[in-house]
Amino acid sequence: MNVTLEELLSPKTIEIKGDEEWLADLYKSFAKSKKGPAKLTGKLLIQSEGYGYAKVEGEVTYEPIVPCSRCADPINWPIKKEFVSRFKPKDETTEGADIELMPEDLDFYYIEDNSLDIQQLVIDVIMTSLPSQLVVKSDDGKSCRNCGVDLNTSEVYSTRPKEDDSPFAVLKNMKLPN
């Protein structure tokens, strides 16, 4: 979903109901529940700051289904995120050139073809709201709420092959002459 700068002569409010076509890419990133994909909802206020700059303030709510990092069982992970993002014009003189970025350059999205990419902003807000380790802890905080395994000691699943699965496991029992 794009919003052009011409549409921002006065502040624009966008109500996200969850059935917008531009959310399809986000929904594909997560598992579907038996009821279908969870719906993202929210409200965005987009306003011009002058000189080609724009500001987006908003709040989004979403509850994707993600795999538990310990047991890989599906879990609902509620997200409610308030955010403020800024857009600035893309500098034509540096396009394609190697430039050194300053920390403040990373706080902006760029306006391309005179429009703001709201879809990418919303996807970024949701994806960066998810922690890197998704584990639902029990009330005492010591075990996984899904599988009940102690979070501090036991390995729930492993991608390492068992020794017996290795084609070289036979060599372990070979008797070699001295």
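Everything that follows concerns the structure shown earlier in this document.
Along each chain, the written sequence defines residue order, and numbers are assigned to residues from 1. pLDDT decides what is reported in this predicted model: residues at 70 or higher carry local features, side-chain atom pairs at 80 or more are listed and counted, and totals for whole chains, interfaces and linings draw on all residues regardless. In computing side-chain properties, one takes all heavy atoms of the structure into account and sets aside hydrogens as well as water.

For the rest of this paragraph, the subject is unusual backbone geometry. Phi is positive for Y51, which is not a glycine, with a value near 55°. Note on conventions: DSSP H or I runs of at least 4 residues are helices, E runs of at least 2 residues are strands, and numbering of each starts at the N terminus. Within the fold, Y51 resides in the loop between β3 (41–50) and β4 (53–62). For Y51, a relative accessible area of 82% corresponds to the exposed category. Even without being glycine, D113 reaches a positive phi, approximately 55°. Within the secondary structure layout, D113 lies in the loop between β8 (108–111) and β9 (115–117). Only protein chains enter the calculation, and the probe is 1.4 Å; a residue is then buried if its accessible area is under 20% of its type maximum, exposed if over 50%, and partly exposed in between. Overall, D113 belongs to the exposed group, its relative accessible area being 78%.

Moving on, we get to the packing of aromatic side chains. Between the rings of Phe, Tyr and Trp (Trp by its six-membered ring), a pair exists once the centres lie within 6.5 Å; its type follows the angle of the planes, with under 30 degrees stacked, over 60 edge-to-face, and the other angles tilted. A complete count under the given rule lists four aromatic pairs for this structure. Three or more aromatic residues joined by ring pairs make a cluster, and in this case those are Y27, F30 and Y62. For a lysine, the NZ atom is tested; for an arginine, the CZ atom; a charge sits over a ring if that atom is within 6 Å of the ring centre and within 35 degrees of the ring normal. Directly above the ring of F108 sits K88, whose terminal nitrogen or CZ lies 5.1 Å from the centroid.

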